[in-house]
Each structure stands twice: as structure tokens, then as C-alpha cells.
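# Architecture and fold: a report
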Amino acid sequence: MGHWLERNIVEPGKLPLLLALTAFVLTFVITRVITRLIRAGKGPFGNVRAGGLHIHHVVPGVVLVVIGGFGAVASSRSGLGAALAAIVFGIGAGLVLDEFALILHLGDVYWTEEGRKSVEAVVITAALVGLLLAGFSPFGVNDLSPGELQDRGTVIANVVANFAFSLVALSKGKTRTAIFGVIVPLVAIVGAARLARPGSAWARRFYGNRPRARAKARLRTYHHDRRWSRLSLTLQDWIGGKPDRPEPLRLPGHGPGPGPDPGRR
């Protein structure tokens, strides 16, 4: 394990990337645990307020991303400075992407259905960074043996072929399948082989004059979403917490709360 770490992580200069990814994932997990405790009213934690203003953790996250990013640019790819900058950047990125939905919607949607986008953004980012980290790139590694060169060449060829399948899956409107297919080969192949989703670039290009293919694609998409959407939502709830249910609409003068103002028309 130590030899593999030295040859594939330390020697190619990937140690800062490993530290940043580790800090990113740990920050997201710790942040979600704390926010769920605050939501449940447990533990010593509470929302940060300044002058009556709720300070979201995306704010210190942006500050840490700026500090870590500039620190990484100013430092070399090795040494204590690069390691510290990577850790600071990873922590900041974890705080920022944990509230990705807030940035996207410009509103506090953390515990709503829209807030699920934050979990998706974190999972996708971690997967892509993990792909970069696990890539067996020979650049930066000295004195490769013929066996190592052959192994790395095989891996690079497989990655290129798998990326092509992922591009096909992406053109078929299967964004998540394409992203995770970059890492897991079988996922990309299955996504590329199955029918495209209605409205995708592939469907518009190849199903335009094929009404049976369009109808079959719509039916298969309906059954797929019905089968897997509940499992996907359950997994997101387990990772990020279950969103609040929207409050039912109340007509003026019905139910608890103040009635209509008789002076208003």
C-alpha cells in the first residue's frame, strides 16, 4: 500500500488532490450531521447569527475557497504549504457545495425539495475528483517498468473508450448515468445501449421519423423513473436529510392564524 501510494499519489504530485478530496468529503459529512442536529434541536450547536442576520455556512466556505485557491497557486505541488492550501480549499468547497441549491435558487431552500440539488452536486463533484485521483497517469512518475507502462496504457485505453460511452449516454439525456459511467464502465455501456430519453439530443436526431421508437422511449422512461425515483430520493434523504413537507395553503379566515383585514380590499 505504501509503495502504491508513493508511486501513484505522492510521486505524480497528487497528494494535495487527495487531501483536498478527503477534506471536502469530511466537511460535507460533518456539516450535514451538525445541521441535522440543529434541525432536531439536539446538541450544543445552533445557527450563526450576526445582528439578526443568519450567516449561512456558504459564506465562510467562499472565504476558505479563496484562501485555499490562492494559496495553492502561490505554492508548489509539494510541501507543507501545498498540503495546507489543499485542505483549506477542500473544506471551503465542502461548505460551498453543501449550499449549492441556495446559490442556484438565491433562497434558503436547504430543507426543501430544491435543496436536494446540493447533495447531487456534492456526490457528482466527489466522483469526478475521485476519477482524477484514481487515474493512472504516467506523467510525473519516473523509471516506469515495461509492465507498469503496459498496465497504464491499458487503463488509459479503457478510460478513453469508457468516456466515449459516457458521451453517448449524455447525448441520450442520461446525465447521472454518464457522470457515474465515467468511473464505472458497465454503467456507461448500459446507458449508451438503452433508448434515449424523450427530448434529448439523441432522440431529436435519430427518433424524429420513428414514431414507434419515440413512443417506446417515452414508455420506458416512465417505467424507469417510476421504478428508480423513489430509491434515488431515499438515498438522497439518507445522505442529506429528509426535506420539510410544504405547509398546506390556507384560505383567509379559515384555520388558525389572523383572519382577513376588514380595512383591506
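All values derive from a computational prediction rather than experimental measurement.

For helix 2 (residues 15-40), built from 26 residues, the straight-helix expectation of 38 Å at 1.5 Å per residue is met to within 8% by its first-to-last C-alpha distance of 38 Å. When helix 2 is considered as a whole, its buried residues turn out to be Pro 16, Ala 20, Leu 21, Ala 23, Phe 24, Thr 27, Phe 28, Thr 31, Arg 32 and Thr 35. At the exit of helix 2 stands Gly 41, carrying a positive phi of roughly 70°.

This part takes up the UniProt feature "transmembrane region" (unreviewed entry) in the protein chain. Look at the UniProt record and you will see "transmembrane region" (unreviewed entry) annotated at residues 15-34, 55-74, 80-107, 119-141, 153-170 and 177-196. A helix fraction of 100% and a strand fraction of 0% characterise residues 15-34, whose end C-alpha atoms lie 28 Å from each other. As a span, residues 55-74 carries 85% helix and 0% strand, and end to end its C-alpha atoms are 30 Å apart.

Attention shifts here to the environment of Glu 114. Here Glu 114 lies in the loop between helix 5 (100-105) and helix 6 (116-134). For Glu 114, a relative accessible area of 34% gives the class partly exposed. The spacing of Glu 114 and Ala 101 is 13 residues in sequence and 6.5 Å in space, taken between C-alpha atoms.

Going through the model one piece at a time under the given rule, you end up with two aromatic pairs. Their ring planes at 85° and their centres at 4.9 Å tell us that Tyr 110 and Trp 111 sit as a pair that is edge-to-face. Trp 111 matches Tyr 110 in its accessibility class, with the two residues each being buried. Seen in terms of ring centroids, Trp 202 and Phe 206 are 4.6 Å apart; in terms of plane orientation they differ by 40°. Their pairing is tilted. Placement of the pair is Trp 202 and Phe 206 together in helix 10 (residues 201-206), with a separation of four residues, close to one helical turn. Judged by its relative accessible area of 26%, Trp 202 is partly exposed. Classification of Phe 206 by relative accessible area gives partly exposed; the value is 39%.

Right, let's talk about the packing of helix 3 (residues 58-74) against helix 4 (residues 80-98) for a bit. The N-to-C vectors of helix 3 and helix 4 enclose an angle of 150°; their axes lie 7 Å apart at closest approach. The orientation of helix 3 relative to helix 4 falls into the category roughly antiparallel. In terms of crossing hand, the pair formed by helix 3 and helix 4 is left-handed. Note on element contacts: helix 4 touches helix 3 through Ala 85, Val 88, Phe 89, Ile 91, Gly 92, Ala 93, Leu 95 and Val 96, opposite Val 58, Pro 60, Gly 61, Val 62, Leu 64, Val 65, Ile 67, Gly 68, Gly 69, Gly 71 and Ala 72. Grouping the constituent residues of the contact of helix 3 with helix 4 by class yields 14 nonpolar, five polar and no charged.

Another aspect to go through is unusual backbone geometry. Residue Leu 106 is not a glycine yet carries a positive backbone phi of 50°. Structurally, the position occupied by Leu 106 is in the loop between helix 5 and helix 6.

Attention now goes to the nonpolar core. Ranked by size, the top nonpolar core spans nine residues in total: Ile 9, Leu 21, Phe 24, Phe 28, Ala 93, Leu 97, Val 122, Val 129 and Leu 133. Looking at this core, the elements that each hand over two or more residues are helix 2, helix 4 and helix 6. Beyond its immediate chain neighbours, meaning those up to four positions away, Leu 97 contacts Phe 24, Ser 118, Ala 121, Val 122 and Thr 125. In this structure, Ala 196, Ala 203, Ala 213 and Ala 217 belong to the second largest nonpolar core, which totals five residues.

Attention now goes to the packing of helix 2 against helix 4. For the pair helix 2 and helix 4, the least separation of the axes is 7 Å and the interaxial angle reads 35°. Note on packing geometry: the crossing formed by helix 2 with helix 4 is right-handed. Judged by residue contacts, Pro 16, Leu 19, Ala 20, Ala 23, Phe 24, Thr 27, Phe 28, Thr 31 and Arg 32 of helix 2 engage Ala 82, Ala 83, Ala 86, Ile 87, Gly 90, Ile 91, Ala 93, Gly 94, Leu 95, Leu 97 and Asp 98 from helix 4. Per-class residue counts for the contact of helix 2 with helix 4 are 14 nonpolar, four polar and two charged.

For helix 3, built from 17 residues, the straight-helix expectation of 24 Å at 1.5 Å per residue is met to within 8% by its first-to-last C-alpha distance of 24 Å. Regarding helix 3, the residues found buried are Val 58, Gly 61 and Gly 68. Here the buried residues of helix 3 occupy an arc of 85° about the axis, which is enough to place them on one side. In helix 3, the exposed positions that point more than 90 degrees away from the buried face belong to Ile 67, Phe 70 and Ala 74. On its buried face, helix 3 is in contact with helix 4 and helix 5.

Here we take up a nonpolar patch on the surface. On the surface, a cluster of nonpolar side chains totalling about 490 Å² of accessible area is made up of Phe 165, Phe 180, Val 184, Leu 186, Val 187 and Ile 189. Per-element accounting of the nonpolar patch gives the leading share, three residues, to helix 9 (residues 185-193). Note on placement: Phe 180 falls in helix 8 (residues 175-181).

Rules behind the numbers
- Residues numbered from 1 in each chain as written.
- Predicted model: local features only at pLDDT ≥ 70, side-chain atom pairs only at ≥ 80, totals over all residues.
- Heavy atoms only, no water.
- Helix = DSSP H or I, 4+ residues; strand = E, 2+ residues; numbered from the N terminus.
- Expected span 1.5 Å × (residues − 1).
- Buried < 20%, exposed > 50% of the residue type's maximum accessible area, 1.4 Å probe, protein only.
- UniProt positions renumbered as here; feature names shortened; annotations may be inferred.
- Phe/Tyr/Trp six-rings, centres within 6.5 Å; stacked < 30°, edge-to-face > 60°.
- Axes fitted to C-alpha atoms, helices over the stretch in contact; angles between N-to-C directions.
- Parallel < 35°, antiparallel > 145°, perpendicular 65-115°, else oblique.
- Left-handed = near helix turned anticlockwise from the far one by under 90°.
- Contact = heavy atoms within 4.5 Å.
- Nonpolar A, V, L, I, M, F, W, Y, C, P; charged D, E, K, R; others polar.
- Core = buried A, V, L, I, M, F, W, Y, C linked by side-chain atoms within 4.5 Å.
- Arc of directions from axis to C-beta.
- Patch = residues over 30% accessible without salt bridge, like charges linked within 9 Å, V, L, I, M, F, W, Y side chains within 5 Å.
- Areas by Shrake-Rupley, 256 points an atom, 1.4 Å probe, with all protein chains shown as cover.
- Salt bridge = Lys/Arg side-chain N within 4 Å of Asp/Glu carboxyl O.

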